[in-house]
Every structure is written in C-alpha cells, then in structure tokens.
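Here's the letter readout for the chains.
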Amino acid sequence: MTTANGQIVAATHISRIFPMPAGPVTAVADVTLRIAPGDHIAIRGPSGCGKSTLLHILGCVETPSSGTLLFNGNDVTRLSDRQRSLLRLRSIGFVFQRFFLLPMLTAAENIELPQSEANVPKAERRQRTRELLEYVGLAARADHRPSELSGGEMQRVAIARALANRPGLLLADEPTGELDRATGEQIAALLDRVNADGTALVIVTHDPALAERSTRVLTMRDGRIEDETAG
Amino acid sequence: MNAMGFAWRSLVRQPARASLGVLGVAAVGALLFDMLLLSQGLVISMRGLLERTGFDLRVTATDALPGSGPLIPDAVADARAIATLPSVRSAIALRFANAVVLDGSARGLYTSFQGVEGTATHPWTILQGRDIGGGAEVVINENAATRLHAGPGARIMLRASCTNEEQALPPVAFTVAGIAQFPFDTLNGTTVAASLAQLGEACGGNESSEADVIMVASQESAGPDAAVADVAKLLPGLRVLSNAEAVNRFERGGFTYFRQISTVLTTVTLAFAVLLITVLLTVSINQRLGEIAALRALGFSRWRVVADVFCESVLIVGGGGLLSLPLGGLLAVGLDGILKRIPGIPADVHFFVFQPSALQLHLLLLAATAVIAALYPIRIVARLPIAATLRDEVVG
C-alpha cells in the first residue's frame, strides 16, 4: 500500500536528538526523504554519522524528535506502540547485520514466526515459508537450525523472514557486514532480486560495491544527507 | 507459535538453565508444601484424635491439661450425675497415674497407668483378649505386651505411683484381660489400664473416687454445645471444654509455635523461589536482548514479548510445582517420623496432614511466585529500547 502520490515513506525535516549526560547529541538533523515503491536506496557515510538511526526512524522503531514521518500516508508519530508494531509486522521487513535468527527454531520456523504473529492461517504460512525457502535457495535446509547454517545461509534465512509478510519496504542494516566478499556478493544479488520483484529497499552500508548496486545513494555526515547520487 | 510454545522452545534451548530452575522450584515448592501441611497439621490431627475417642466434652478441676492439674475430688459421682443429663449420652471418669511393672529387671518397666469408671465404652480398642471386668484385671497396650512378653491371662505385678511425691506403695497383682490400643499412646510408650477402683487400690485405697478428667459423650440430637452448657450448670466448680474449644486452646497455646515457624519458613522459601526464578530469567533475557529487540523490530508487540517471558516463568514454576508435590509428600513423611520421636507425642498425632486447602494455597502461592518472579524480567523486555539495543548489539 502506498499513498496517493505513490510514496511509501515521506520524511520531512526529521531530526533525532538523544539527551546525553554531557549534552544532547543530534544523530539525525533535518533530513527530508521520500521512498517510493521499487526504490533501491543505499545510505553511506562514516561511523556515527546517523545512518542506522535514520534507518530505524524509517523503520518506525525510533521516533523523530521533530519533523513529520508519514508511512503509507499515516503520521507515524501519532501511532501508539501497538499500532507501530502492527505497521512493522505487516509493511516493513528488517535485515540485521548479525542476523538475529532465533537459535532454537529451524530455518522454516524462523521464517514462519512473523506470519504466525500476523495470524496468517497455518496452511498459508507453511506454503509461504516453502516459497521463501526456495526463493532464497535454502529449500533443502528448511529443518536446519541457525547453528547448522553458514553466515551467508543465515542471512538468506533472515531475508526470507523479513519478506514473510510481504512488506512493501525492506530495510537492511549492513547486511553483508559479517560476511566474506563472495558471500556478501550472493546476498547483494539476492537483495537486488527482492527489489526487482517490487519491494522497496533501503540499505545502510559501508561497502561501496553494495552501495553502487542501488539506484539512489545517499551520503550522510553529521546526521545530514550531504549528497544524493544515482547509483 | 504462541507465547507458551515459544517459551517452551526458549527453555529447551538452554536445558541446564531450565533444569536448574525447575529443580530449584521443586525443592523450594516441596518445603513450601510441607510448611503449609505443618501450619495446620497438628491441630487437624489433634482434632481427629479427640473425635476418634468417642467423647466430645472434657471436664476437669481447673484449666490445666488432664493429668497435669488437680484431681476432681468426687469424679465418680460427678460422672454419674453428668450421665443423667438429657443432653449427655455417657460419661466416664479417667485418672492418670504412673506405675512400674515388675518384670524381673532391676528397674522394672515404667508405664502410664489409667483408671476408668463410668457408663460408657472405655476409651481404648481391644485388639486381643477381652476388656477389663470386675476384679484385679488390666488391659495393656502392644508395647507393654511386647516388653513384658505378656498376653491375655498373664499375671503382672505393678507398683503404682499416684502423686508427685515419693511413694513406697506395695506391689499389686493384676491379670491381663486383653491387649488394647489407646488413642493417646506415644510411639514407644507403654500403657496399662484398669478400673478406677482398682487403680485406687493400687494407689493405697483412699482415692478411688478421684479422677483427672471426666470424658463425656453428648447426645447427637443435643450436640456438644448444649452438653457443655448443661454440665457447666450442673457442676459450676469444674471446667468444661468441648473438643472444638480444646483444639482452640491448643491452637492459641503451644501449636502457635508451629504456625509461626511455618509462616516464617514459608515466607523465606517463597522469597528464595522468587529470587531464583528472577535471576534465571533475567540472566536468560540479558543474553537474548538482541533477539528480543529484533523480534520487536520485526513487528512483535510489546505484550507478545512480555507474554513470552511470563510463560517462561509459568513453565518453570509449573514444572517445579508439579515435582514439588511428590517430593513434598516424601519429605513430610520423613519429617513427621522425626518429629514424632519427641517424647510424649501420641503415635496417632501427625505434624504434616494433607488437606485440600493446603494444596490450594500451595498452588496459589506458586502462581503468585510465577507472577512476582517475572515482574523484573518483564520490565526489562517491556521497556527495551529497540533501536538502541540493536545498535549496542552490533557495536558490542
């Protein structure tokens, strides 16, 4: 679902300031950003420039200190915690640098979990899980636990989990940060495919090669978007 | 996967931690269960014992316990008068003394010696032989029979001791009419019983109408309260207690200690259980903060992650609680055996008595433990800052 003007996210002059004992720290300063379906955006910048904070704001796990954030036309700052959880569950997928798969569940169960939380009927979520395992090339590893998977396989399961409820927006925070170059390349290719299949993608990365695959590359410094280029 | 299933998988993921929690709760729960059985056990047991004697009123000279206060001077006549009251079915006068049975050893066998007179069935149960009749006959308990190697028809010589003062009474010969079970017998105690007249003879022959207590059975149609009122009116100089009042006096007196000990130990065990589970859950959750933050980022609601933690607490306490029942039962049997070795405790009295209300309270306290123990870990996950935790996990 998108707004009438075709935007999933409309962030306008958003800032995020963290109160600290030594004084407030501005992590994100006056950022305006639009994300449309099919966008493939990379956010780059030095450590501590506010990339991850911006990603968290876009993913509705962090609220801006000021500015407006519309997600599918709804003002996120006015939503309750429960409503924001529901929004994330149904409309946003997250991929983390450290995967955060649940070690006591199999690959299939990890993928099924968000669907279960979204009350998807059992038969339907089993079918969707099979499709996703095939999509990420891990159909044969469905019953393996994370400890039995390689780093690349774990990240593929994490991507499948993020796509479980068919989100319109997939956010990935350093998705290749824990992987070697060859495995990172496979994950990047998989993310390209996810984007090509219609899911908007925002990736925070230090990896120039991964950023160059995006159609829009945002460079941040000191909490601001310093530059936007076409990938 | 619902919260309970998720909690189960989280526990199975760390079997050592889960086992530690369940076993800890089982041990604490067993102790808790025993404390609850102990808090009322002695009172319930004593009430049952008093009711099993077949008498529901006790008449004494003073408020002192029978056997430890002054004698009722004209107890036999009083018992007869009481038995004529319309609210009374029967009454007997009972006197407690001590005796040494001469068994050939240097010291003889020290035994309690009871004398009974009245219109009712005697307060003992014949196991072998017959009850006492007229003449110099006694019934003895099984311990006495074993130690004296005496059965029905045997002759015994005993020297009575009827006052607190030193006495040198001559030995008296008795025939054992039967072997009987006495309700207030201690585990290893020996008891000999005769008629009050025979006991009086053995005590020197001058006190055959005195007794420590008159035990009264009320008419079912009247009930003990009416009988208490009638007896008190008939004999205003004596103290009359129903079984219920006697139990109340026990409760207010010596039995209070058991309840106080039980309350203190219950509180301590519950506090220990709460701390144990809180620590285990908190450690477990602190190890999984990144996973929990990731679940929240993926759309799991705050209530869902709270429910997961709560269900973990319920599973640990539930599993431990179930184990605690048989464990507590075994422990109660062992402790009961130890406590019953205290001198003077009737063998039929139990310190740990099962009652449904104790089980209900046990379950209620364990449920409260599960809730209270989960509060702090729940607070951690409920207030978990998602973004900051994800950031810290990556930096860490």
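As the structure is a prediction and not an experimental result, all values here were calculated from the model.

## Observations regarding the overall build of chain B
Alright, step 1. Of the regular secondary structure elements, chain B holds twelve helices and ten strands.
Alright, step 2. For 396 residues, the compact-globule estimate of 2.2 N^0.38 gives 21 Å, and the C-alpha radius of gyration of chain B, at 31 Å, exceeds that figure by more than 25%.
Alright, step 3. Its C-alpha atoms give chain B principal-axis dimensions of about 100 × 50 × 35 Å.
Alright, step 4. A buried classification covers 50% of the 396 residues belonging to chain B.
Alright, step 5. Put simply, of all contacts in chain B between residues at least 6 apart along the chain, 80% involve residues at least 24 apart.
Alright, step 6. If the 28 positive side-chain charges of chain B are averaged to one point and the 30 negative ones to another, these points end up 14 Å apart.

## Some points on the packing of aromatic side chains
Alright, step 1. With the rule as written, the count across this model stands at four aromatic pairs over all chains.
Alright, step 2. When the centroid spacing of 5.7 Å and the interplanar angle of 0 degrees are considered together, the rings of A:F94 and A:F96 count as stacked. Each of the two residues, A:F94 as well as A:F96, counts as buried.
Alright, step 3. Centroid distance A:F96 to A:F100: 5.5 Å. Interplanar angle 70 degrees. Geometry classified as edge-to-face. Like A:F96, the residue A:F100 is buried in the burial classification.
Alright, step 4. Through a chain of ring-to-ring contacts, the aromatic side chains of A:F94, A:F96 and A:F100 assemble into a single cluster.
Alright, step 5. When the ring centre of B:F6 is taken as origin, the NZ or CZ atom of B:R304, which lies over that ring, is 5.4 Å away.

## Some remarks on unusual backbone geometry
Most peptide bonds take the trans configuration, and most residues that are not glycine carry a negative phi.
All names here are of chain A.
Alright, step 1. One non-glycine residue, D30, lies in positive phi territory at about 50 degrees.
Alright, step 2. Relative to the assigned elements, D30 resides in strand β2 (residues 25-35).
Alright, step 3. A residue is classified by how much of its surface remains accessible, and D30, at 41% relative accessible area, is partly exposed.

## With respect to a nonpolar patch on the surface
Residues and elements named next belong to chain B.
Alright, step 1. A cluster of nonpolar side chains, F310, V371, I372 and L375, forms an exposed patch at the surface whose accessible area comes to about 330 Å².
Alright, step 2. It is helix α11 (residues 356-382) that contributes the most residues to the nonpolar patch, three residues altogether.
Alright, step 3. Tracing the backbone through its elements, the reader meets I372 in helix α11.

## As for the layout of surface pockets
Alright, step 1. Approximately 440 Å³ is the volume attributed to the second largest pocket.
Alright, step 2. Forming the walls of the second largest pocket are 21 residues, and the residues nearest its centre are A:G48, A:G50, A:S52, A:T53 and B:R391.
Alright, step 3. Sorting the residues of the lining of the second largest pocket by element identifies β2 and α1 (51-58) of chain A together with α12 (386-395) of chain B as the ones contributing at least two each.
Alright, step 4. Broken down by element, the residue count for the lining of the second largest pocket peaks at four residues, all from α12(B).
Alright, step 5. Classifying every residue of the lining of the second largest pocket gives nine nonpolar, eight polar and four charged.

## Some thoughts on α11(B)
Residues and elements named next belong to chain B.
Alright, step 1. If you check α11, its first and last C-alpha atoms are 37 Å apart, about what 27 residues at 1.5 Å a residue would give, namely 39 Å.
Alright, step 2. If you look at α11, its biggest bend is around 40 degrees, right at L375, and the proline P377 turns up within four residues after that.
Alright, step 3. Inspection of α11 places A358, H362, L366, T369, A370, A373, A374, P377, I378, I380, V381 and A382 among the buried residues, and these make up the whole buried set.
Alright, step 4. Turning to α11, the residues buried within the fold contact α2 (15-52), α8 (255-287), α9 (289-297) and α10 (302-339).

## Topic: the interface of chain A and chain B
Alright, step 1. Taken together, the contact pairs 28 residues of chain A with 24 residues of chain B.
Alright, step 2. Joining chain A to chain B, the criterion identifies five salt bridges.
Alright, step 3. Of the charged contacts, one joins A:E109 and B:R9 as a salt bridge, the two residues approaching to 2.6 Å between their closest N and O atoms.
Alright, step 4. Our enumeration of links across chain A and chain B arrives at nine residue pairs in polar contact (both at pLDDT 80 or more).
Alright, step 5. For the side of chain A that touches chain B, the secondary structure elements donating two or more residues are α1, α2 (81-91) and α3 (107-117) of chain A.
Alright, step 6. When grouped by side-chain class, the residues that make up the side of chain A that touches chain B number 13 nonpolar, five polar and ten charged.

## Details of the domain arrangement of chain B
Accessible area lost upon the coming together of the parts serves often as the stated size of an interface.
Residue and element names in this part refer to chain B.
Alright, step 1. In terms of domains, chain B is made up of domain 1 (3-50 + 254-395) and domain 2 (62-237).
Alright, step 2. Relative to domain 2, the C-alpha centre of domain 1 lies at a distance of 50 Å.
Alright, step 3. Between domain 1 and domain 2, the contact holds nine residues from the first and five residues from the second.
Alright, step 4. A buried area of about 580 Å², summed over both sides, lies between domain 1 and domain 2, and 68% of it is on carbon and sulfur atoms.

## With respect to the sheet that holds β2(A)
Residue and element names in this part refer to chain A.
Alright, step 1. Read across the open sheet, the four strands follow the order β2-β1-β4-β5; overall the sheet is antiparallel. Of all strands in the sheet, those bounded by a partner on one side alone are β2 and β5 (74-75).
Alright, step 2. With five bridges connecting them, strand β1 (residues 9-18) and strand β4 (residues 66-71) associate as antiparallel partners. From the neighbouring strand, S15 faces β4, where its bridge partner is S66.

## A word on the environment of A:A182
Residues and elements named next belong to chain A.
Alright, step 1. Looking at the secondary structure, you find A182 in helix α6 (residues 181-196).
Alright, step 2. Among the residues examined, A182 registers a relative accessible area of 52% and is labelled exposed.
Alright, step 3. Along the primary structure A182 and G152 are separated by 30 residues, whereas in three dimensions their C-alpha atoms are 9.4 Å apart.

## Here's the deal with the packing of α10(B) against α11(B)
For any two helices packed against each other, the geometry comes down to the angle between their axes and how far apart the axes lie.
Residues and elements named next belong to chain B.
Alright, step 1. Interaxial distance between α10 and α11 falls to 8 Å at its minimum, and their mutual angle equals 145 degrees. The hand of the α10/α11 crossing is right-handed. Residues R302, V305, V306, V309, F310, S313, V314, V317, G321, S324 and L325 of α10 lie in contact with α11, whose contacting residues are L359, H362, L366, A370, V371, A373, A374, P377, I378, V381 and A382.
Alright, step 2. Taken together, the residues of the contact of α10 with α11 sort by class into 17 nonpolar, four polar and one charged.

## A look at empty space enclosed by the protein
All names here are of chain B.
Alright, step 1. Tallying each qualifying case throughout the model produces four cavities of 30 Å³ or more.
Alright, step 2. Of the volumes computed, that of the largest cavity is approximately 110 Å³.
Alright, step 3. Contributing to the lining of the largest cavity are 14 residues, with F6, R288, I292, L295 and D308 lying nearest its centre.
Alright, step 4. For the lining of the largest cavity, the elements supplying multiple residues, two or more each, are α1 (3-13), α9 and α10.
Alright, step 5. Broken down by element, the lining of the largest cavity gets its largest block of residues, four residues, from α10.
Alright, step 6. For the lining of the largest cavity, a count of residues per class yields eight nonpolar, one polar and five charged.

Rules behind the numbers
- Every chain's residues receive numbers from 1 upward, in the order its sequence appears when written.
- Ligands are numbered from 1 and chains lettered from A, in the order in which they are written.
- Per-residue local features of the predicted model are confined to residues with pLDDT of at least 70, and side-chain atom pairs are confined, for both listing and counting, to 80 or more; whole-chain, interface and lining totals are unaffected and use all residues.
- Only hydrogens and water are removed before side-chain values are computed, so all heavy atoms of the structure are retained for them.
- Secondary structure elements are taken from DSSP: a helix is a run of H or I of four residues or more, a strand is a run of E of two residues or more, and numbering for both begins at the N terminus.
- Only the C-alpha atoms count toward the radius of gyration. The rule for a globule is 2.2 Å times the residue count to the power 0.38.
- Remark: exposure states derive from per-residue accessible area (1.4 Å probe, protein chains only) relative to the maximum for the residue type, with buried under 20%, exposed over 50%, and partly exposed in between.
- In what follows, residue pairs with any heavy atoms lying within 4.5 Å of each other are defined as contacts.
- For the charge count, each Lys or Arg is scored as positive and each Asp or Glu as negative, with His and the chain ends excluded.
- The atoms used to mark charge sites are NZ of Lys, CZ of Arg, CG of Asp and CD of Glu.
- Pairing of aromatic rings covers Phe, Tyr and the six-membered ring of Trp, with a centre-to-centre limit of 6.5 Å; geometry is then stacked below 30 degrees between planes, edge-to-face above 60, and tilted otherwise.
- Placement of a charge over a ring requires the Lys NZ or Arg CZ to be within 6 Å of the ring centre, with the centre-to-atom vector within 35 degrees of the ring normal.
- To count toward a patch, a residue needs a relative accessible area over 30% and no salt bridge; like charges are then connected within 9 Å, while nonpolar side chains (Val, Leu, Ile, Met, Phe, Trp, Tyr) are connected within 5 Å.
- Values of accessible area rely on a 1.4 Å probe in the Shrake-Rupley scheme; residue burial ignores everything except the protein chains shown.
- Throughout this description, the term salt bridge denotes a Lys or Arg side-chain nitrogen within 4 Å of a carboxyl oxygen of Asp or Glu.
- Buried and open spaces are told apart on a 1 Å grid over the protein atoms alone, a cavity being a set of points where a 1.4 Å probe fits but cannot get out and a pocket being an open set with protein on both sides within 12 Å along at least five of seven lines. Residues with an atom within 4 Å of a point are the lining residues.
- Grid points are joined across faces, edges and corners, and a volume is the space filled by probe spheres set on the points.
- Any residue outside Ala, Val, Leu, Ile, Met, Phe, Trp, Tyr, Cys, Pro, Asp, Glu, Lys and Arg is labelled polar, Gly included; the first ten of those are nonpolar and the last four are charged.
- Given a helix with a known number of residues, its expected span is that number minus one, times 1.5 Å.
- In this analysis the local bend is the angle between axes fitted, respectively, to the seven residues ending at and the seven residues starting at the residue.
- Within 3.5 Å is the distance limit for a polar contact, defined as a pair of N or O atoms, with the added protein rule that one can donate a hydrogen and the other accept it, and that residues adjacent in sequence qualify only through two side-chain atoms.
- Start and end positions for the domains come from either an automated domain assignment or a database one.
- What gets called buried area is simply the loss in accessible area from a 1.4 Å probe that two parts show on being joined, summed for both.
- A pair of strands is treated as paired once DSSP finds two or more bridges between them.
- Lines fitted to the C-alpha atoms define the axes, with helices restricted to the stretch that makes contact. Angles between their N-to-C directions range from 0 to 180 degrees.
- By the definition used in this description, the sense in which the near helix is turned from the far one sets the handedness, with an anticlockwise turn below a right angle giving left-handed and a clockwise turn giving right-handed.

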